[in-house]
Amino acid sequence: GIQVEQSPPDLILQEGANSTLRCNFSDSVNNLQWFHQNPWGQLINLFYIPSGTKQNGRLSATTVATERYSLLYISSSQTTDSGVYFCAVSGYSTLTFGKGTMLLVSP
Amino acid sequence: GAVVSQHPSRVICKSGTSVKIECRSLDFQATTMFWYRQFPKQSLMLMATSNEGSKATYEQGVEKDKFLINHASLTLSTLTVTSAHPEDSSFYICSAIPIGISYNEQFFGPGTRLTVL
């Protein structure tokens, strides 16, 4: 099956800093999603982005499908951005999740 | 839009009992729903794909007789953990793909935390 690697595994930021999270995948995909899992466990959809670039407020994402990677950018980070960020991909319908990036934003 | 609910949010049960978890799509219909399990500080692992009106498809290593899945309608799938044991304690999360969209974005429920004593 498809392998998904996320980096870095952990990230500590000062409030206001910018960050880039990376997701590498091993095969062509027709679905790539970024999620934020909040402290209560809820997965929040950030982006559906199998290719191209999207922006939503302080967050943006870029997927370069031909090179099999995706990047999630967080600008002007806030303490509420803390949590685990997951990248998940699929070739058809079942998603394979990466191990996530644990982000801690300190005041 | 695309809201998925789960009930209960938290359950504690004794070893040997069965527990049913409901997953509902509140503002859309879904022929396909998914069940995941997440252990502490780990990623989500797919357990099974639930198809409305047909048998679920289980991932390798997941016991279908232990984790019973019923997808009785286009808005409801249930997961029953039968004869639960402490090792079944975990965070169970469902997701669904809305019918009628051209892409297969999944939307997730808030999860159910199961503790088996």
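In this text the structure is predicted, and so the values were computed from the model without any measurement.

1. A closer look at the pairing of strand β3 (residues 19-25) of chain B
Residues and elements named next belong to chain B.
- On β3, burial follows the alternation: V19, I21, C23 and S25 on one face are buried, whereas K20, E22 and R24 on the facing-out side are not.
- Inspection of the sheet shows strand β1 (residues 4-7) paired to β3 by four bridges, in the antiparallel sense. Its bridge partner being in β3, H7 is matched across the sheet by E22.
- Here β3 runs beside strand β8 (residues 76-81); their pairing, made up of six bridges, is antiparallel. Residue C23 lies in a different strand from β8, and its bridge partner there is S77.

2. Observations regarding the packing of aromatic side chains
Residue and element names in this part refer to chain B.
- All told, the structure shown has eight aromatic pairs over all chains when counted by the stated rule.
- Between F28 and F107, the ring centres sit 6.4 Å apart and the planes meet at 55°, which makes this aromatic pair tilted. Here F28, found in the loop between β3 and β4 (32-38), pairs with F107, found in strand β10 (residues 107-108); they are 79 residues apart in sequence, far enough to count as distant.
- Residue classification places F107 among the buried residues on the basis of a relative accessible area of 15%.
- Considering the side-chain rings of Y36 and F108, the 5.4 Å spacing of their centres and the 40° angle between planes classify their relative orientation as tilted. Taken as a pair, Y36 in strand β4 and F108 in strand β10 lie far apart in primary sequence, 72 residues in all. Accessibility classification places Y36 together with F108 in one group, the buried group.

3. With respect to the interface of chain B and chain A
- The interface is formed by 18 residues belonging to chain B together with 20 residues belonging to chain A.
- Together chain B and chain A conceal approximately 1400 Å² of surface at their shared face, both sides included; 52% is due to carbon and sulfur atoms.
- In terms of surface lost to chain A, no three residues of chain B exceed S43, N104 and F108 of chain B, which account for 33% of the buried area on that side.
- Put simply, chain B and chain A have zero salt bridges between them.

4. Regarding the pattern of salt bridges
All names here are of chain B.
- Summed over the entire model, instances satisfying the criterion amount to three salt bridges over all chains.
- As a salt-bridge pair, E22 and R24 come within 3.5 Å of each other at their nearest N and O atoms.
- K66 is the salt-bridge partner of D88, the closest N and O atoms lying 2.9 Å from each other. A residue pair is termed long-range when its members are at least 10 positions apart, and D88 in the loop between β8 and β9 (90-97) and K66 in the loop between β6 (57-58) and β7 (67-73) qualify at 22 residues. There is no split in this pair, since D88 and K66 are both buried.

The rules behind these values
- Residues numbered from 1 in each chain as written.
- Chains lettered and ligands numbered in written order.
- Predicted model: local features only at pLDDT ≥ 70, side-chain atom pairs only at ≥ 80, totals over all residues.
- Heavy atoms only, no water.
- Buried < 20%, exposed > 50% of the residue type's maximum accessible area, 1.4 Å probe, protein only.
- Helix = DSSP H or I, 4+ residues; strand = E, 2+ residues; numbered from the N terminus.
- Pairing = 2+ DSSP bridges.
- Phe/Tyr/Trp six-rings, centres within 6.5 Å; stacked < 30°, edge-to-face > 60°.
- Contact = heavy atoms within 4.5 Å.
- Buried area = accessible area lost by both parts, 1.4 Å probe.
- Salt bridge = Lys/Arg side-chain N within 4 Å of Asp/Glu carboxyl O.

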